[in-house]
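Residues per chain, in single letters:
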Amino acid sequence: MSDEERNGRDDGTRGATTPAVIVVAGVDPGGGAGIAADVAALAALGVRAAPVASALTVQTDRGVARVEPVGDELFALQLEAALESVGDAARAVKTGLVVSRRHAELVAAAARGRGLALVVDPILASGTGHRFVAGDPAEILRPLLDAATMVTPNAAEAAALCGTTWAARPDQLPELARALATDRRTAVVTAGDLRALDGRGAETVLMAAAGPADDGTGALRERRAEAPRVERGKTHGTGCAFASTCAGLIARGSSPLDAAVEAHRRVARALALAGGLPGRRLSPEMWRVR
């Protein structure tokens, strides 16, 4: 056996600390969304995931039968254990399904206390329409939104957080992004349900806003990214994969805006390359993207 085989193939990074992301999300038994999707997306980037379960779900890609939030004490212990396990390798926290105000408070405090980037994917409903958050979602998620480095809602979620309705108009994207962005928080609004933009055909669209601009005007900087639509039916877990990829890229040193654009490209590519499961919704297969 050669030294390379005995010690592992040398890719030029031997001895370098692997960055880690604390992942707070629900458990999807089918593996297409939630923690399983987060771990896959981060692994594809060479980033370690430290998973913390916020809820157990009984669901398939066709519907949600039950959601059981993890108790506050057990959640707090999980979060503490994850942070202790990865230690100084932690670079970011990514949240998906959070249905408890107390969970939101604990995660926000941990991110702030350790100076970690916080990427918030505000999951309000499943792709089949099941509402995960009862009452005012902005109120339940407020601690996370206030502490977030980046928030990654789809357009309907962004509209709900802003107290309005998504009318599937391209001109709404910058409005929603600006409404959610602050001088410390990048807002990324995805619009995969737009069938056309400016007459140029079917695309998936991302609008990212961050502020303030460097020219002293106080205006928000904006980026727009597009990717060819994957016309292979309905999808499952794209938001999870996108937000986790953003968190992983930030953990590797990318700026939030650059991370959003690259994550958008990678998720679109992962959908295009996905093998999928017969008769099921298509989930991004992030391990196929290089």
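Quick caveat, the model's predicted, so the values are computed rather than measured.

About the cut-offs
Residues numbered from 1 in each chain as written. Predicted model: local features only at pLDDT ≥ 70, side-chain atom pairs only at ≥ 80, totals over all residues. Heavy atoms only, no water. Axes fitted to C-alpha atoms, helices over the stretch in contact; angles between N-to-C directions. Helix = DSSP H or I, 4+ residues; strand = E, 2+ residues; numbered from the N terminus. Parallel < 35°, antiparallel > 145°, perpendicular 65-115°, else oblique. Left-handed = near helix turned anticlockwise from the far one by under 90°. Contact = heavy atoms within 4.5 Å. Nonpolar A, V, L, I, M, F, W, Y, C, P; charged D, E, K, R; others polar. Pairing = 2+ DSSP bridges.

Draft legend 1. Structural detail: the packing of helix H3 (residues 72–86) against helix H4 (residues 101–114). Running from N to C, H3 and H4 point in directions that differ by 20°, and their axes come no closer than 10 Å. By the angle between their axes, H3 is roughly parallel relative to H4. The element H3 and its partner H4 pack so that their crossing is right-handed. Listed contacts from H4 to Asp72, Phe75, Ala76, Leu79 and Leu83 of H3 are Arg102, His103, Leu106, Val107, Ala110 and Arg114. Residue composition of the contact of H3 with H4, by class: seven nonpolar, one polar and three charged.

Draft legend 2. Region of interest: the pairing of strand E3 (residues 63–69). Relative to E3, strand E2 (residues 48–60) runs antiparallel, the two being bridged by six bridges. Note that in E3 the partner of glutamine 59 across the bridge is valine 64. From the end of E2 to the start of E3, which pair antiparallel, there are two residues.

Draft legend 3. Spotlight on the packing of helix H9 (residues 238–251) against helix H10 (residues 256–273). Relative to each other, H9 and H10 sit at 135°, their axes nearing to 8 Å. Here H10 runs oblique to H9, going by the angle between their axes. The two elements H9 and H10 cross, and the hand of that crossing is right-handed. Where H9 abuts H10, its residues Thr238, Ala241, Phe242, Thr245, Cys246, Leu249 and Ile250 lie against Pro256, Ala259, Ala260, Glu262, Ala263, His264, Arg266, Val267 and Leu271. Tallied by class, the residues present in the contact of H9 with H10 amount to 11 nonpolar, three polar and two charged.

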